[in-house]
Amino acid sequence: VAQIKDLQRTDPGSREQWIAFVDLSGGGKRDPSKHRAEYLQSFLMHLESGLGVPVPDSAAAAANLSEMVKVMQRKSMSFKNAWRRFCADFGGGTNDPSKQPSEFIVKFMELLGQQATGLAGATGLATDFGGLEAPAAKRPRLATPGLGAAAGPIAPDSKEYFVA
């Protein structure tokens, strides 16, 4: 059990292999302590053989999503607090992202996106970005360079209209 948990922590490839292996033959139970020693040994032998279990894109994507949430929790206290609150409200209190379905993580990210764009309404999540401001938008050039304002604006369908 300890050996598999250590592999999961230190080697993302082994972690993906474990997830694919248990999804294929272990009833989706990702906790090594929930399996018999023979099952764990068969996984280790399979891993050492180098053959590997085909990792479906969804398993790899779910592993990447849960890893991203873990990294963000370590880097941002406000992200961590938002994740915990979301899990308490909608995830049965399970804070470990690897134990949540990828759809749950996507919903959380969707909420963050809505919050960042001001569409979420009164969710109670923090909206202060620490004094960061969006850069000023560039104005489209309305006159042909070198001709001055006398030439007038360029037609919107012209290639020069959106010159930066």
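Residues numbered from 1 in each chain as written. Predicted model: local features only at pLDDT ≥ 70, side-chain atom pairs only at ≥ 80, totals over all residues. Heavy atoms only, no water.

*Asks:* It is not clear to me how the packing of aromatic side chains should be interpreted in this structure. Could you clarify?
*Replies:* Two aromatic rings, taken as a pair, are described by how far apart their centres are and by the angle between their planes. This structure, assessed with the given rule, holds 10 aromatic pairs. On the basis of an interplanar angle of 85° and a centroid distance of 5.4 Å, the ring pair of Phe 79 and Phe 108 is categorised as edge-to-face. A residue pair is termed long-range when its members are at least 10 positions apart, and Phe 79 in helix 5 (residues 77–90) and Phe 108 in helix 6 (residues 102–116) qualify at 29 residues. Accessibility assignment for this pair places Phe 79 and Phe 108 in one class, buried. Here Phe 86 and Phe 108 contribute two aromatic rings whose centre-to-centre distance is 5.3 Å and whose plane-to-plane angle is 55°, an arrangement assigned as tilted. Of the two residues, Phe 86 is situated in helix 5 and Phe 108 in helix 6; the sequence distance between them amounts to 22 residues. By relative accessible area, Phe 108 is classed as buried at 0%. Counting every residue linked through ring pairs, the aromatic cluster contains Phe 79, Trp 83, Phe 86, Phe 90, Phe 104 and Phe 108. (Phe/Tyr/Trp six-rings, centres within 6.5 Å; stacked < 30°, edge-to-face > 60°. Helix = DSSP H or I, 4+ residues; strand = E, 2+ residues; numbered from the N terminus. Buried < 20%, exposed > 50% of the residue type's maximum accessible area, 1.4 Å probe, protein only.)

*Asks:* Looking at this model, I keep getting lost on the packing of helix 5 against helix 6. Mind explaining?
*Replies:* Helix packing geometry: the angle between the two helix axes and the distance between the axes. Between helix 5 and helix 6, the least distance of the axes is 11 Å, while the angle of their chain directions is 125°. With respect to their mutual orientation, helix 5 and helix 6 come out oblique. The handedness of the crossing between helix 5 and helix 6 comes out as right-handed. From helix 5, Phe 79, Ala 82, Trp 83, Phe 86, Cys 87 and Phe 90 reach across to helix 6, where they touch Phe 104, Ile 105, Lys 107, Phe 108, Met 109, Leu 111 and Leu 112. Across the contact of helix 5 with helix 6, the residue classes tally to 12 nonpolar, no polar and one charged. (Axes fitted to C-alpha atoms, helices over the stretch in contact; angles between N-to-C directions. Parallel < 35°, antiparallel > 145°, perpendicular 65-115°, else oblique. Left-handed = near helix turned anticlockwise from the far one by under 90°. Contact = heavy atoms within 4.5 Å. Nonpolar A, V, L, I, M, F, W, Y, C, P; charged D, E, K, R; others polar.)

*Asks:* What am I meant to see in the pattern of salt bridges here?
*Replies:* A side chain of one charge can pair with a side chain of the opposite charge when the charged atoms of the two come close. Under the definition given, this model contains five salt bridges. As a salt-bridge pair, Lys 5 and Asp 31 come within 3.9 Å of each other at their nearest N and O atoms. With Lys 5 in helix 1 (residues 2–10) and Asp 31 in the loop between helix 2 (12–25) and helix 3 (37–49), this pair connects stretches of sequence that are 26 residues apart. Lys 5 sits in the partly exposed class, given a relative accessible area of 31%. On the accessibility criterion, Asp 31 (25% relative accessible area) is partly exposed. Arg 85 serves as the salt-bridge partner of Asp 89, at 3.8 Å between the closest nitrogen and oxygen. Pair noted here: Asp 89 and Arg 85 are both in helix 5, with a separation of four residues, about one helical turn. (Salt bridge = Lys/Arg side-chain N within 4 Å of Asp/Glu carboxyl O.)

*Asks:* How do you make sense of the packing of helix 1 against helix 2 when you look at a structure like this?
*Replies:* One can describe the packing of helix 1 onto helix 2 by two numbers: an axis separation of 5 Å at closest approach and a directional angle of 125°. Taken as axis vectors, helix 1 and helix 2 run oblique relative to one another. Along this stretch, helix 1 crosses helix 2, giving a crossing that reads as left-handed. Here helix 1 contributes Ile 4, Leu 7, Gln 8 and Thr 10 to the contact with helix 2, which in turn contributes Pro 12, Ser 14, Arg 15 and Trp 18.

Coordinates in, geometry out; function isn't part of it.
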